[in-house]
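A look at the structure
Listed here are the chains, written in short residue letters.
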Amino acid sequence: MKILHLDTNHPLLINQLNDLGFTNDEDYTSSKTEVEAKISDYDGIVIRSRFKIDKQFLDAAKNLKFIGRVGAGLENIDCDYAEQKGVYLISAPEGNRNAVGEHALGMLLSLFNKLNKADQEVRQGKWKREANRGLELDGKTVGLIGYGNMGKAFAKKLRGFDVEVLCYDIKDNVGDENCKQVSLEELQEKADVLSLHTPQTPLTLNMVNTEFINSFKKPFWLINTARGKSVITEDLVSALDTGKILGAGLDVLEYEKSSFENLFKTAEPRFRWMRKRKKTGLLSAVEAPEAFQYLINADNVLLTPHVAGWTVESNIKLAQTIVDKIKVKFC
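Throughout, residues of each chain are indexed from 1 in the direction in which the sequence is written. The predicted nature of this model means local features are confined to residues of pLDDT at least 70 and side-chain atom pairs, given and counted, to a pLDDT of 80 or more, with totals for whole chains, interfaces and linings taken over all residues. The side-chain figures draw on all heavy atoms in the structure; neither hydrogens nor water molecules are used.

1. Observations regarding the overall build of the chain
Helix and strand definitions here come from DSSP, where helices need a minimum of 4 consecutive H or I residues and strands a minimum of 2 consecutive E residues; each element is numbered from the N-terminal end. Counting its regular elements, the chain contains twelve helices and 14 strands. Relative to a compact globule of 331 residues, whose C-alpha radius of gyration would be 20 Å, the chain shows 21 Å and is just as compact. Using a 1.4 Å probe on the protein chains alone, a residue whose accessible area is under 20% of its type maximum counts as buried, one over 50% counts as exposed, and one in between counts as partly exposed. Counting only residues that meet the buried cut, the chain has 47% of its 331 residues in that class. The contacts in the chain between residues at least 6 apart in sequence include a share of 58% that link residues at least 24 apart. Residue burial considers only the protein chains on display, and all accessible areas are found by Shrake-Rupley using a 1.4 Å probe. Of the roughly 17,000 Å² of accessible surface on the chain, 49% is carried by carbon and sulfur atoms. Charged side chains in the chain number 45 positive and 46 negative. The centres of these two groups are separated by 4 Å. Each radius of gyration is computed over the set of C-alpha atoms, and the globule rule expresses the reference value as 2.2 Å times the number of residues to the power 0.38. A contact between two residues is defined here by any heavy atoms of the two lying within 4.5 Å. His is not counted here, nor are the chain ends, while Lys and Arg score as positive and Asp and Glu score as negative. Here the site of a charge means NZ on Lys, CZ on Arg, CG on Asp, or CD on Glu.

Okay, structure coming up:
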């Protein structure tokens, strides 16, 4: 079987597939159209999020038997059409679930203890103890929406704290010793913290909006390590401004391109955000929505660039998971 690799991954992935007898080709630069012109030669592809695998691509892939997605979500693949054509879909949530759980916990503890704000102030010669008085996680109720691999990993990390952990999921009977499954209404009544662990689907797109936020009985903290388009940023900013949301840890943003490699997808001249270019140190004008400008200036918001599942260890585990699943199915 011939496999085309469309994104770089840990070298063990190709090395082990070679050892199993697969022929592996790499193409990390061709356009989607150029790949479509040759994809009929391949039995499998391995991709992260470089471009969408849509009907046009799948029709061109006449001999395709599987798609390996080195990550958790499959939203960049037309899964229904792929399955209609008999293409086996492989993802690897087992590979980065621990990383996501640790990142979510790190974000929550940092927000509660104002670590990012306090660190910046001390670096500027400011010594403000009372203004940086923190909160303790013990005694709080943490609500999770989505209780699959990622939600379960986060709940496991919370076992060392005296907290109540609740989850809401569209599937029945997913609760376990680390988390009690409840209705969405009960979660919204009790939660002090809300953490999202859902894939991107029609159900989760724009899920966190003003109506959803206002359904919570108490002001709450928001953690999102899932998908950026689950949260309407303008509505989040409004809730931060009024205090309905006490703070937010955001590893993902709705402005991300589908590849997750760049932030802003569209440019509007009225939006400007001044930043330093990484290499030159010079200031450059970059288009950015006003809501994002609010986030980058808010002391109670923590931002990371879609790296919750992006650790040294997860890089290895993601690749190994894909190899193992290909081996079970095709060897």
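That covers the picture; the talk isn't over yet.
2. Observations concerning the sheet that holds strand β4 (residues 66-69)
Pairing within the open sheet is parallel, and its five strands lie in the order β2-β1-β3-β4-β5. At either end of the open sheet lies a strand with only one pairing partner, and these are β2 (23-26) and β5 (88-90). Neighbouring strand axes in the sheet, compared pairwise and without regard to direction, differ in orientation by 20° on average. One bridge is not enough; two strands pair if DSSP finds at least two bridges between them. Note: strand β1 (residues 2-5) against strand β3 (residues 44-47), three bridges, orientation parallel. An axis is simply a line fitted to the C-alpha atoms; with a helix, the fit covers only the stretch in contact. Between two such axes, the angle follows the N-to-C directions and lies from 0 to 180 degrees.

3. Points about unusual backbone geometry
Of note, Lys114 is a non-glycine position whose phi angle comes to about 55°, a positive value. Looking at the secondary structure, you find Lys114 in the loop between α5 (93-112) and α6 (115-123). Residue class for Lys114 comes out partly exposed when judged on its relative accessible area of 30%. Its identity is not glycine, yet His306 carries a phi of approximately 55°, on the positive side. Inspection of the secondary structure assignment puts His306 in the loop between β14 (301-303) and α12 (312-330).

4. Quick notes on α12
Expected helix span is computed as 1.5 Å times (number of residues minus one). Here α12 contains 19 residues, and its C-alpha end-to-end distance of 28 Å stays within 8% of the 27 Å for a straight helix at 1.5 Å per residue. On the buried face of α12, the contacting elements are α1 (12-19), β4, β5 and α5.

5. What to know about the packing of aromatic side chains
Note on aromatic contacts: the rings of Phe and Tyr and the six-membered ring of Trp form a pair at centre separations within 6.5 Å, being stacked when their planes are under 30 degrees apart, edge-to-face when over 60 apart, and tilted otherwise. Taken as a whole, this structure holds seven aromatic pairs when the rule is applied. Taking the centre distance of 5.8 Å and the plane angle of 50° together, the rings of Phe51 and Phe57 count as tilted. By relative accessible area, Phe57 is classed as buried at 0%. An aromatic cluster is built from Phe66, Tyr88 and Phe330, whose rings are joined through pairwise contacts. For Lys2, the ring lying beneath its charged end belongs to Tyr42, and the centroid distance is 4.8 Å. Above the plane of the ring of Tyr81 lies Lys55, whose end atom (NZ or CZ) is 5.4 Å from the centre. Whether a charge lies above a ring is judged from NZ of Lys or CZ of Arg, which has to be within 6 Å of the ring centre and within 35 degrees of the ring normal.

6. As for the pairing of strand β10 (residues 220-224)
With five of five residues buried, β10 is to be regarded as a mostly interior element. Alternating positions in β10 separate into two faces, Phe220, Leu222 and Asn224 on one and Trp221 and Ile223 on the other, with burial throughout. Judged from the four bridges that link them, strand β9 (residues 193-196) and β10 form a sheet pairing that is parallel. Pairing of Ser195 across the sheet is with Ile223, part of β10. Alignment of β10 against strand β11 (residues 245-250), held across five bridges, turns out to be parallel. Considered in β11, the bridge of Leu222 is made with Ala248.

7. Description of the packing of helix α10 (residues 233-242) against helix α11 (residues 290-297)
In the contact formed by α10 and α11, the axes pass within 9 Å of each other and the chain directions differ by 45°. Taken together, the axes of α10 and α11 lie oblique to each other. In terms of crossing hand, the pair formed by α10 and α11 is left-handed. On α11, the residues touching Thr233, Glu234, Leu236, Val237, Leu240 and Asp241 of α10 are Ala291, Tyr294 and Leu295. Considered class by class, the residues forming the contact of α10 with α11 number six nonpolar, one polar and two charged. Here is the rule for angles: anything less than 35 degrees is roughly parallel, anything more than 145 is roughly antiparallel, 65 through 115 is roughly perpendicular, and the remaining ranges are oblique. Two helices crossing with the near one rotated counterclockwise from the far one by less than a right angle form a left-handed crossing, whereas a clockwise rotation gives a right-handed crossing. Any residue that is not Ala, Val, Leu, Ile, Met, Phe, Trp, Tyr, Cys, Pro, Asp, Glu, Lys or Arg is counted as polar, Gly included; the first ten are nonpolar and the last four charged.

8. What about the nonpolar core?
In terms of nonpolar packing, the biggest core is built from 31 residues, with Leu194, Leu196, Leu222, Leu236, Ile245 and Leu295 touching the most fellow members. Of all the elements in the fold, those that place two or more residues in this core are β9, α9 (210-214), β10, α10, β11 and α11. In terms of residues, this core owes the most to one element, α10, which gives four residues. Only buried residues count toward a nonpolar core. Its members are Ala, Val, Leu, Ile, Met, Phe, Trp, Tyr and Cys residues joined through side-chain atoms within 4.5 Å. Within the second largest apolar cluster, 22 residues are counted, among which are Met107, Leu144, Leu158 and Leu302.

9. Some words on the pairing of β3
In β3, alternate side chains face the same way, and those of Gly44 and Val46 on one face and Ile45 and Ile47 on the other are all buried. Examined bridge by bridge, β3 and β4 share four bridges and lie parallel to one another. Within β4, the residue paired with Gly44 across the bridge is Phe66. With the strands pointing away from the viewer, any crossover whose connection runs clockwise from the first strand over the helix to the second is right-handed. Each parallel crossover has a hand, and for β3 linked through helix α3 (residues 55-60) to β4 it is right-handed.

Fair warning: the whole summary comes from geometry, so function is off the table for now.
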